[in-house]
There are 2 protein chains.
Amino acid sequence: MSVTDELLANAERYAETFDKGDLPLPPARGVAVLACMDARLNPYGLLGLTEGDAHVIRNAGGVVTADERRSLAISQRLLGTREIILIHHTDCGMLTFTDDDFKRQIQAEVGAKPDWAAEAFPDLEEDVLQSISRIRNDPFIPHTDSVRGFVYEVETGRLREVKS
Amino acid sequence: MSVTDELLANAERYAETFDKGDLPLPPARGVAVLACMDARLNPYGLLGLTEGDAHVIRNAGGVVTADERRSLAISQRLLGTREIILIHHTDCGMLTFTDDDFKRQIQAEVGAKPDWAAEAFPDLEEDVLQSISRIRNDPFIPHTDSVRGFVYEVETGRLREVKS
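Residues numbered from 1 in each chain as written. Chains lettered and ligands numbered in written order. Predicted model: local features only at pLDDT ≥ 70, side-chain atom pairs only at ≥ 80, totals over all residues. Heavy atoms only, no water.

(A) Structural detail: the relation of the copies chain A and chain B. Superposition record for chain A on chain B: RMSD 0.0 Å, screw rotation 180°, translation along axis 0.0 Å. Within this description, the copies of the chain are treated as partners about a two-fold rotation axis. Rotation axis and chain A: the residue whose C-alpha lies nearest the axis is R58(A), separated from it by 2.4 Å. Of the interface residues in chain A, 100% have counterparts in chain B that sit at the interface too, so the contact is made through matching surfaces. (Least-squares fit on C-alpha atoms with pLDDT ≥ 70 in both. Contact = heavy atoms within 4.5 Å.)

(B) Local environment of the pairing of strand β2 (residues 54–59) of chain A. Residues and elements named next belong to chain A. Of all six residues in β2, six are buried, a share of seventy percent or more. As paired strands, strand β1 (residues 31–36) and β2 are joined by six bridges and run parallel to one another. Note on β2: the bridge partner recorded for V31 is A54. (Buried < 20%, exposed > 50% of the residue type's maximum accessible area, 1.4 Å probe, protein only. Helix = DSSP H or I, 4+ residues; strand = E, 2+ residues; numbered from the N terminus. Pairing = 2+ DSSP bridges.)

(C) Highlighting the environment of E126(B). Relative to the assigned elements, E126(B) resides in helix α5 (residues 124–136). The sequence separation of E126(B) and V162(B) amounts to 36 residues, and the corresponding C-alpha distance is 8.7 Å.

(D) Structural view of the packing of aromatic side chains. The final tally for this structure, using the stated rule, is twelve aromatic pairs over all chains. A centroid spacing of 5.6 Å and a plane angle of 50° characterise the contact between Y44(A) and Y44(B), whose relative ring orientation is tilted. In this pair, Y44(A) sits in helix α2 (residues 43–47) while Y44(B) sits in helix α2 (residues 43–47), so the two residues belong to two different chains. Y44(B) carries the same exposure label as Y44(A), and that label is buried. Aromatic pair F97(A) and F102(A): ring centres 5.1 Å apart, planes at 50°, arrangement tilted. (Phe/Tyr/Trp six-rings, centres within 6.5 Å; stacked < 30°, edge-to-face > 60°.)

(E) Structural context of the interface of chain A and chain B. Taken residue by residue, the interface counts 88 residues in chain A and 88 residues in chain B. Summed over both sides, the interface between chain A and chain B buries roughly 7200 Å², with carbon and sulfur atoms accounting for 61% of that surface. Here chain A and chain B share six salt bridges between them. Between the two partners, chain A and chain B, sit 35 residue pairs in polar contact (both at pLDDT 80 or more). Looking at the side of chain A that touches chain B, the elements that each hand over two or more residues are α1 (3–16), α2, β2, α3 (66–79), β3 (83–89), α4 (99–110) and β4 (146–152) of chain A. By residue number, the principal contributor to the side of chain A that touches chain B is α3(A), which donates eleven residues. (Buried area = accessible area lost by both parts, 1.4 Å probe. Salt bridge = Lys/Arg side-chain N within 4 Å of Asp/Glu carboxyl O. Polar contact = N/O pair within 3.5 Å; in protein donor to acceptor, adjacent residues only side chain to side chain.)

(F) Looking closely at the nonpolar core. Grouped together as the largest cluster of nonpolar side chains are 104 residues, with contacts concentrated most on I87(A) and I87(B). Residue contacts for I87(A): discarding those within four places in its chain leaves V33(A), L34(A), A35(A), C36(A), L41(A), L46(A), L47(A), G62(A), F150(A), Y152(A) and L159(A). (Core = buried A, V, L, I, M, F, W, Y, C linked by side-chain atoms within 4.5 Å.)

(G) View of helix α4 (residues 99–110) of chain B. Taking 1.5 Å of rise per residue, the twelve residues of α4(B) would be expected to cover 16 Å, and the 16 Å separating its terminal C-alpha atoms lies within 8% of that figure. Within the span of α4(B), buried status applies to F102(B), K103(B) and I106(B). One face of α4(B) carries all of its buried residues, which in axial projection span an arc of 90°. Residues D100(B), R104(B), Q105(B) and A108(B) are exposed on α4(B) and point more than 90 degrees away from its buried face. Along its buried surface, α4(B) packs onto α3 of chain A. Immediately downstream of α4(B), the backbone of G111(B) shows phi near 100°, a positive value. (Expected span 1.5 Å × (residues − 1). Arc of directions from axis to C-beta.)

(H) Structural detail: helix α1 (residues 3–16) of chain B. Residues and elements named next belong to chain B. For α1, which comprises 14 residues, the first-to-last C-alpha distance of 21 Å matches the rise-based estimate of 20 Å (1.5 Å per residue) to within 8%. Buried residues of α1: V3, T4, L7, L8, N10, A11, Y14 and A15, and no others. Around the axis of α1, the buried residues are gathered within 160° of arc, so they sit on the same side. Projecting away from the buried face of α1 at angles above 90 degrees are the exposed residues E12 and E16.

Without other data, these values stay purely geometric and don't point to any function.
Listed below in structure tokens is the structure:
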């Protein structure tokens, strides 16, 4: 039995007691959270979110690339969100390598380099700030008055704000 | 008080009872979930995931673009995941517009078109299958034996598999 099959069994149990079938499409809290994909970072538990509350966008590092700007533009323009919360975290895998080394390893194995930046970073706080800057500099995301960035501490469960 | 401030108060409560400070970086279940950012889709509740279990990647539509391929390559190559679960859902915002119309509206307002595809789709099942295909055709994601795609029904809480 694969892990996927085990998680599907959990999904059957979720459906058995499901009572949230009439929630509207737009997020009730009007917020989009952009966080790292890290397994230890659970935005629902951390921020007290439940079904219907917020858009949750996640990727390796919680970084801002074209696809996150796409998702944020759709979130704000079509579904009415106005606030953005960015979350990086301590002990992140993105702190453990460089783009050049990672892409060279892939090239050695596959014979070609990926056509994307790996977006590794050596400094958490600095990358939170430049992620905020990428959003503020995007002409297609209309609402950037409330873009706040945080570091989640996987050791303590605390969320601390990064201010420039 | 902004919504962000309210969620920060929740985060303080989360830290007060936090007891998961020693989880390892690699996901315990060896799985990466790629799902839509939709507020009604809670991968933790649905799949029975808890802190430490799985990478969770999310964007508008749960689609596969360069950034999701980047995240999946990092997930598998650096952090040992082997299975991929894709989740689209009923009543998705991506079913309600076309790329051309959305980008034309933005151009009318901002004066320029975004340099990204909006990735809207008219058919859920078809987009799940082509998302699987994008992953299988990527040379930089090493493990594609277990890539399974699903539609989550926001009306019933059920998850149904899409098979080609």
